[in-house]
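Understanding the architecture of this molecule
This is what each chain is made of:
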2 protein chains.
Amino acid sequence: MKYGIIGTGAIGGYYGARLAYAGKDVHFLLHHDYKQVKEHGLYVKSYQGDFHLPHIHSYASTHDMPICDIVLVCLKTTNNHLLPSLLPPLLHPDTLVVLIQNGIGVEEDVQKQFPLLQLTAGLAFICSAKTEAGVIHHQSYGQINLGNYSCRNQALIKSLLTDFQQAGIEAQEVEYTEARWKKAVWNMAFNGTTVVLDTQTDQLLKNQITYTLIKDLMLEVIHAAKACGAGNITDEFAQTMLDKTLKMPPYSPSMKLDYDFGRPMEIDYIYSRAIQMARKAGYPMKKMEVVEAALRYKELRHHLSSSPSK
Amino acid sequence: MKYGIIGTGAIGGYYGARLAYAGKDVHFLLHHDYKQVKEHGLYVKSYQGDFHLPHIHSYASTHDMPICDIVLVCLKTTNNHLLPSLLPPLLHPDTLVVLIQNGIGVEEDVQKQFPLLQLTAGLAFICSAKTEAGVIHHQSYGQINLGNYSCRNQALIKSLLTDFQQAGIEAQEVEYTEARWKKAVWNMAFNGTTVVLDTQTDQLLKNQITYTLIKDLMLEVIHAAKACGAGNITDEFAQTMLDKTLKMPPYSPSMKLDYDFGRPMEIDYIYSRAIQMARKAGYPMKKMEVVEAALRYKELRHHLSSSPSK
């Protein structure tokens, strides 16, 4: 089994490194960090124990990579327009592509780019960050859920689950729609609010008024999920997510980091698509619409203030 | 007719000065600006023409003021706990007190402090600011609507309307509940959003996404008003308010100024009371709950960062 990792950052770097460390045949696509990682390898500083991979198969272009059986796409969704040029060199007819990405509607759009491709969603429950070139800081959790979108070869998913487990990664298969919406419960509640209020997860949960806000936002996602066909997520799941977050270190969600570092935010897939889908299904996400509008406004202002013409 | 002005700022300074300039007998309570105004009088810089009142009846305490027939209370609602000590020296049994203040629920609470007092709501549609001690900058509009809450002597309201009109102030009587909620349409849409997004009215209306947000927030207030017994405000009123705001200069609502200058924000009366009242009436203001929570969080953070212990 050959693995391709597209995007060797906080997520791709972590899961790819774990697989490689367990002896799997893993090939990493790098961009800015290519030279550094080629020379010094990948470091993972993990709360479960640090490790170093001095030599990994690293590449600056997918044209130099081998054809892979499983490709983990770990790009930000804001880079998904690159997939039509990045992916083809890695594919054979039975390749499974796992989109370890945030949001609702990602598989739908990638499937339009590649109608025959076997796609599976990867939902990572992990606090992880790339702190410098070639260094991944794995702060807590690490579980990954797989939700099959269009994979015809179920054996591939089974192999992937086995390999993850052998690499020390908790992994399980879950129903696709439910998996995506379950992840959205946390993502939609915390990503936008930390940007709009310029804060971290722990601060929001320390105050009763924002604790209630976060819980209400989570419940809105759960009810939207129900309207969109993911009927098995109970209201109690909001409490589970709150309790999990309370056990995490003070955390900046990916959108907060993107905003702070001037990178594009994943507003489309983390907010807009879900909101549109729920509205079509008859459930307007009124609270999330406020968060979405505030984010769009902040993005616009951020962009204006950092543009060289101003 | 003797007039008392409690709070000679952007609102009380403006309306009081107009009445005095028209020859009415007006007595002003001042606080920080007492000495300056005693010496130099009040300046009004108005888009309708500037004027100066070199000598006004100014006081540092209501104990020095005459008993008044009409008292205009123009304090921030965050100072309403001072009314039980400020008001009594000004009152005779037939005095009318007009609360030219923001929000929903103000009359209810003041009536509890003074069960027999005749109260009327004053709803000011005005862009005005105190730019320095004794200087009021009247930027646009200026209309005032009166909504009778508990005034038994209708002739008093008629006299006040006549005096306002003689002073060049557009004034009319409107139904109380409708008047309060109509004002809330603009106030709830703009006050919190300009604080949370650190911006002004014009910027919010320039962008399609925040224009839509503001309109949706206005419609939420209109529907809440309906649930609370103010059924005559049509959805078109939102468009009227949007169009009016588009004609205003770039404007910082009072809550934005309060936040920027480290003063307490009127979250209770501008947001919380209205939200609670609507919820009780069966209409949860879901979007406003997000704005309210964001404001409470910002208030808390602001307070922490400006407290000397940190």
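See above for the structure.
The structure presented is a predicted model; accordingly, all values stated were derived computationally and were not measured.

**Description of helix H1 (residues 12-21) of chain A**
Residue and element names in this part refer to chain A.
- Counting buried positions along H1 gives eight out of ten residues, so the element sits mostly inside the fold.
- Buried residues of H1: Gly12, Gly13, Tyr14, Tyr15, Gly16, Ala17, Arg18 and Leu19, and no others.
- Positive backbone phi, at 95°, marks Gly23, one or two positions downstream of H1.

**Focus: the packing of helix H6 (residues 176-196) of chain B against helix H11 (residues 267-280) of chain B**
Residues and elements named next belong to chain B.
- In contact at an axis separation of 10 Å, H6 and H11 are set at 120° when each is read in the N-to-C sense. The orientation of H6 relative to H11 falls into the category oblique. Where H6 crosses over H11, the handedness of that crossing is left-handed. Counted together, Trp181, Asn187, Met188, Asn191, Gly192 and Thr193 of H6 and Ile270, Tyr271, Ala274 and Ile275 of H11 form the full contact between these two elements.
- By residue class, the composition of the contact of H6 with H11 is six nonpolar, four polar and no charged.

**Let's talk about the packing of aromatic side chains**
Residues and elements named next belong to chain A.
- According to the stated counting rule, one finds twelve aromatic pairs over all chains in the structure shown.
- For the ring pair Tyr15 and Phe164, a centre distance of 5.9 Å and an interplane angle of 65° mean the geometry is edge-to-face. With Tyr15 in helix H1 and Phe164 in helix H5 (residues 154-166), this pair connects stretches of sequence that are 149 residues apart.
- Here the aromatic rings of Trp186 and Phe190 are separated by 4.8 Å at their centres, their planes lie at 35°, and the arrangement is tilted. Of this pair, Trp186 and Phe190 both sit in helix H6 (residues 176-196), four residues apart, which is roughly one turn of the helix.
- Judged by relative accessible area, which is 11%, Trp186 ranks as buried.
- Residue classification places Phe190 among the buried residues on the basis of a relative accessible area of 0%.
- Here the aromatic residues Tyr14, Tyr15 and Phe164 are joined through ring pairs into a cluster of three or more.
- Lying across the ring of Phe125, Lys183 places its NZ or CZ 5.7 Å from the centre.

The rules behind each value
- Counting of residues starts from 1 at the beginning of each chain's written sequence and follows it residue by residue.
- Both sets of labels track the order of writing: A upward for chains, 1 upward for ligands.
- Only residues with pLDDT of at least 70 are given local features in this predicted model, and only at 80 or more are side-chain atom pairs given and counted; all residues enter the totals for whole chains, interfaces and linings.
- Only heavy atoms go into the side-chain values, all of them from the structure, while hydrogens and water stay out.
- The rule is simple: take the accessible area with a 1.4 Å probe, protein chains only, and divide by the maximum for that residue type; under 20% is buried, over 50% is exposed, in between is partly exposed.
- Comment: elements are numbered from the N terminus, with helices defined as DSSP H or I runs of at least four residues and strands as E runs of at least two.
- Between the N-to-C directions of two axes lies an angle of 0 to 180 degrees, each axis being a line fitted to C-alpha atoms and, for a helix, fitted only over the stretch in contact.
- To sort the angles, those under 35 degrees are grouped as roughly parallel, those over 145 as roughly antiparallel, those from 65 to 115 as roughly perpendicular, and the leftovers as oblique.
- The sense of a crossing depends on the near helix, which, turned anticlockwise from the far helix by less than a right angle, makes the crossing left-handed and, turned clockwise, makes it right-handed.
- Contact criterion: two residues are considered in contact whenever any of their non-hydrogen atoms come within 4.5 Å of each other.
- Any residue that is not Ala, Val, Leu, Ile, Met, Phe, Trp, Tyr, Cys, Pro, Asp, Glu, Lys or Arg is counted as polar, Gly included; the first ten are nonpolar and the last four charged.
- Pairing of aromatic rings covers Phe, Tyr and the six-membered ring of Trp, with a centre-to-centre limit of 6.5 Å; geometry is then stacked below 30 degrees between planes, edge-to-face above 60, and tilted otherwise.
- Charge-over-ring contacts are defined here by two conditions on Lys NZ or Arg CZ: a distance within 6 Å of the ring centre and an angle within 35 degrees of the ring normal.

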